[in-house]
Amino acid sequence: MACEAQISSSNTDSNDAIQTTNEEDESNYEYVTVPPDGGYGWIVTAASLLCLLISDGILFSFGLILTDLKQVFDVPVAQVAWIFSIVNGSSLISGPVASALSNRFGFRTVVIIGSLIGSVGLFTSSFAQSIDSLFFTLGVLFGVADGLVFTPIVVGVGFYFDKRRALATGIALCGSGAGTFVFAPVIYLLLETYTVSGAFLILSGIYLNCAVLGSLLVPLKPQRRKKLQEDVKLLVDDVVTQSVPHTFNEVERVDQNEVTVKEQLVKKTVHSGKLEQQCASDPIDQKPVQKHLANVLKLFKFSLFRSPTFVVVCVSSFFQSIGWFVPSVYLTAHATKMGIPKGEAPFLLSVIGIASMIGRIFNGWLADQPCVNLLFLNNVGLSVAGVLITLCPFFFSYELLVVFSAIFGLASSCTTVVRPILLGKLLGLENVSNGYSFMLVFYGVATLSGIPIAGHLLKECCSLATLMAARLAQVTLFLN
């Protein structure tokens, strides 16, 4: 019996020793997400491009749909403009929710859920009997869905790249420009062939493809690597070199001391790490409600507003967005008033899309160059776009409007590409998702008011509407 007890005791001691050794070995390693900077990252970029081609292509072609809705429901243009305003506003305001859900469940899950909600919104819009019902089905459902798709796509691409992050982001954002180029004539053809309800029904099926493309956003697996323990080694070397051994016994004693110091340092590191982890994950003095609220606030990262630079960027985004979407909504109506045939007016949106697509690739490459100032590039794009919108009423011919559309597409692409990269430089990559989503909220609030105001002024005087939108957009230059 004594022998059995002795054997059992020795086994227990050996198991404890093995467990302690494993814990000590594990404490020497950390898990880090390393961007592949290519490889599968380019597949994610291509999937993101196609996903934005569908979602933003439908969104930015709503100017064509609104014209038909005005005729079908026989309502003023200002009332119809509220639909696009709510769509854009809810899409941008839902950015923080999309960011928090992405942090919790991953980019792929959020994109798939957004695609399903967006398809339901477009499907139910095909059965709408009044303009008021479209405020919910098209404005809220499709708008929120577009936000759940857009934010994870734009931010998620950056996690697969390091040195070529701006280029990859620019390529992915080309989907918005390409979508406008593709869907402007497609939606015009659907409206002419199947009317508004049939067009919504077909678009709902097309939008489901975003779920397939979103499934390709496979999360990166953290890689296990050994921690840097230079401080520990230096401390051990200092202890060891304090005395110089002269005999074999002294050498043996120093070796034992070195092992003892290493063990104590490692045990102390493991012990302190466990204490920090326990204190961070299981606060004793917090109530359940306070703990839950703290976790929610941690997901959204409201602490970003403590940065004055980030606050200025958000206020700048508000003034920019008041007039930013006016050309996308009212350019075809403005062209029709100038005497341009209705069948040729949608091509102006396609020109904006093509120019924006080219500009996003070029500006993405340009932003990756070390000698380029991102803030300066952002301000140049804002200034040129603001001046163009100011001069829009003086473009009377179709050829001049084509020139306007091309230059506006190139200029507007600067901000679209540079803003996420600029936030990464200012806030750090780990805060880009939340920072970008908060910036989208300011975009959305401005869009909710800017487009209806421009629609009301368009009814009275077209040039006054565009001039007001341009002046408000140019304020952004001085805020930056």
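What you see is a predicted model; the values in this text were computed from it and never measured. (Residues numbered from 1 in each chain as written. Predicted model: local features only at pLDDT ≥ 70, side-chain atom pairs only at ≥ 80, totals over all residues. Heavy atoms only, no water.)

1. Topic: the nonpolar core
Thinking step 1. In terms of nonpolar packing, the biggest core is built from 89 residues, with Ile 58, Leu 138 and Phe 142 touching the most fellow members.
Thinking step 2. Residue contributions to this core peak at 14 residues, all from helix 8 (residues 165–207).
Thinking step 3. Setting aside anything within four residues of it in sequence, one finds Leu 138 in contact with Phe 62, Ile 83, Val 87, Leu 122, Ser 125, Gly 143 and Phe 200.
Thinking step 4. Within the second largest apolar cluster, 8 residues are counted, among which are Ala 166, Cys 414, Ile 421 and Leu 422. (Core = buried A, V, L, I, M, F, W, Y, C linked by side-chain atoms within 4.5 Å. Buried < 20%, exposed > 50% of the residue type's maximum accessible area, 1.4 Å probe, protein only. Helix = DSSP H or I, 4+ residues; strand = E, 2+ residues; numbered from the N terminus. Contact = heavy atoms within 4.5 Å.)

2. Topic: empty space enclosed by the protein
Thinking step 1. Under the defined criterion, the tally for this structure stands at 2 cavities of 30 Å³ or more.
Thinking step 2. Space inside the largest cavity adds up to approximately 530 Å³.
Thinking step 3. Secondary structure elements with two or more residues in the lining of the largest cavity: helix 2 (40–59), helix 4 (77–93), helix 7 (131–158), helix 8, helix 13 (308–324), helix 15 (346–367), helix 17 (398–427) and helix 18 (432–460).
Thinking step 4. It is helix 17 that provides the largest number of residues to the lining of the largest cavity, a total of 6 residues.
Thinking step 5. Looking at the lining of the largest cavity, its residues break down into 14 nonpolar, 12 polar and 4 charged. (1 Å grid on protein atoms, 1.4 Å probe; cavity = no way out; pocket = protein on both sides within 12 Å on 5 of 7 lines; lining within 4 Å. Points joined across faces, edges and corners; volume = space filled by probe spheres on them. Nonpolar A, V, L, I, M, F, W, Y, C, P; charged D, E, K, R; others polar.)

3. Digging into the environment of Asp 146
Thinking step 1. Following the sequence through the fold, Asp 146 ends up in helix 7.
Thinking step 2. Separated by 28 residues in the primary sequence, Asp 146 and Gly 118 have C-alpha atoms spaced 6.7 Å apart.
Thinking step 3. Aside from chain neighbours lying at most four places away, what touches Asp 146 is Ser 55, Asp 56, Leu 59, Ser 91 and Tyr 207.
Thinking step 4. A polar contact is formed between the side chain of Asp 146 and the side chain of Ser 91, at a distance of 3.0 Å. (Polar contact = N/O pair within 3.5 Å; in protein donor to acceptor, adjacent residues only side chain to side chain.)

4. Topic: helix 4
Thinking step 1. The end-to-end C-alpha distance of helix 4 is 24 Å, a good match for the 24 Å that 17 residues give at a rise of 1.5 Å each.
Thinking step 2. For helix 4, the buried fraction is high: 12 of the 17 residues fall into the buried class.
Thinking step 3. For helix 4, the full list of buried residues reads Val 80, Ala 81, Ile 83, Phe 84, Ser 85, Ile 86, Val 87, Asn 88, Gly 89, Ser 90, Ser 91 and Leu 92. (Expected span 1.5 Å × (residues − 1).)

5. Some details on the packing of aromatic side chains
Thinking step 1. In this structure the tally under the stated criterion is 10 aromatic pairs.
Thinking step 2. Taking the centre distance of 5.8 Å and the plane angle of 15° together, the rings of Phe 404 and Phe 408 count as stacked. On the criterion of helical spacing, the pair formed by Phe 404 and Phe 408 is a turn pair, its members being 4 residues apart in helix 17.
Thinking step 3. The exposure class of Phe 404 is buried, given its relative accessible area of 1%.
Thinking step 4. Here the aromatic cluster, defined as three or more aromatic residues joined through ring pairs, consists of Phe 305, Phe 310 and Phe 438.
Thinking step 5. One residue, Arg 104, lies across the ring of Phe 105, its end atom 5.1 Å from the ring centre. (Phe/Tyr/Trp six-rings, centres within 6.5 Å; stacked < 30°, edge-to-face > 60°. Lys NZ or Arg CZ within 6 Å of the ring centre and 35° of its normal.)

6. With respect to the layout of surface pockets
Thinking step 1. Space inside the largest pocket adds up to approximately 480 Å³.
Thinking step 2. Lining the largest pocket are 24 residues, and of these Gly 63, Thr 67, Lys 70, Thr 332 and Ala 333 sit closest to its centre.
Thinking step 3. Elements with a minimum of two residues in the lining of the largest pocket: helix 3 (62–73), helix 4, helix 8, helix 14 (326–337) and helix 18.
Thinking step 4. It is helix 3 that contributes the most residues to the lining of the largest pocket, 7 residues altogether.
Thinking step 5. Tallied by class, the residues present in the lining of the largest pocket amount to 13 nonpolar, 5 polar and 6 charged.

7. Side note on unusual backbone geometry
Thinking step 1. One non-glycine residue, Asp 74, lies in positive phi territory at about 55°.
Thinking step 2. Its location among the elements puts Asp 74 in the loop between helix 3 and helix 4.
Thinking step 3. Positive phi values are uncommon outside glycine, yet Thr 195 reaches one of about 65°.
Thinking step 4. Here Thr 195 falls in the partly exposed class, since its relative accessible area comes to 45%.

8. Examining the environment of Ser 90
Thinking step 1. Relative to the helices and strands, Ser 90 is located in helix 4.
Thinking step 2. When the C-alpha atoms of Ser 90 and Val 445 are compared, they prove to be 8.6 Å apart, with 355 residues separating the residues in sequence.
Thinking step 3. The residues contacting Ser 90, other than those within four sequence positions of it, are Gly 139, Val 140, Gly 143 and Val 144.

9. Focus on the packing of helix 5 (residues 95–105) against helix 6 (residues 107–125)
Thinking step 1. Axis separation between helix 5 and helix 6 bottoms out at 7 Å; the angle between their running directions is 130°. Between helix 5 and helix 6, the angle is such that the two are oblique. Packed against helix 5, whose contacting residues are Ala 98, Leu 101, Ser 102 and Phe 105, the element helix 6 presents Phe 107, Thr 109 and Val 110 at the interface.
Thinking step 2. Here the residues of the contact of helix 5 with helix 6 sort into 5 nonpolar, 2 polar and no charged. (Axes fitted to C-alpha atoms, helices over the stretch in contact; angles between N-to-C directions. Parallel < 35°, antiparallel > 145°, perpendicular 65-115°, else oblique.)

10. Describing helix 16 (residues 374–391)
Thinking step 1. Taking 1.5 Å as the rise per residue, helix 16 with 18 residues should run 26 Å; its terminal C-alpha atoms sit 26 Å apart, in good agreement.
Thinking step 2. Of all the residues in helix 16, the buried ones are Leu 374, Leu 377, Asn 378, Asn 379, Gly 381, Leu 382, Ala 385, Gly 386, Leu 388, Ile 389 and Thr 390.
Thinking step 3. The backbone nitrogen of Leu 375 lies 3.0 Å from a side-chain oxygen of the residue at the head of helix 16, namely Asn 373.

11. With respect to a nonpolar patch on the surface
Thinking step 1. The grouping of Phe 123, Phe 127, Tyr 194, Leu 201 and Ile 202 at the surface amounts to a nonpolar patch, some 490 Å² of accessible area in total.
Thinking step 2. When residues in the nonpolar patch are grouped by element, the largest group, 3 residues, is from helix 8.
Thinking step 3. Here Phe 127 is to be found in the loop between helix 6 and helix 7. (Patch = residues over 30% accessible without salt bridge, like charges linked within 9 Å, V, L, I, M, F, W, Y side chains within 5 Å. Areas by Shrake-Rupley, 256 points an atom, 1.4 Å probe, with all protein chains shown as cover. Salt bridge = Lys/Arg side-chain N within 4 Å of Asp/Glu carboxyl O.)

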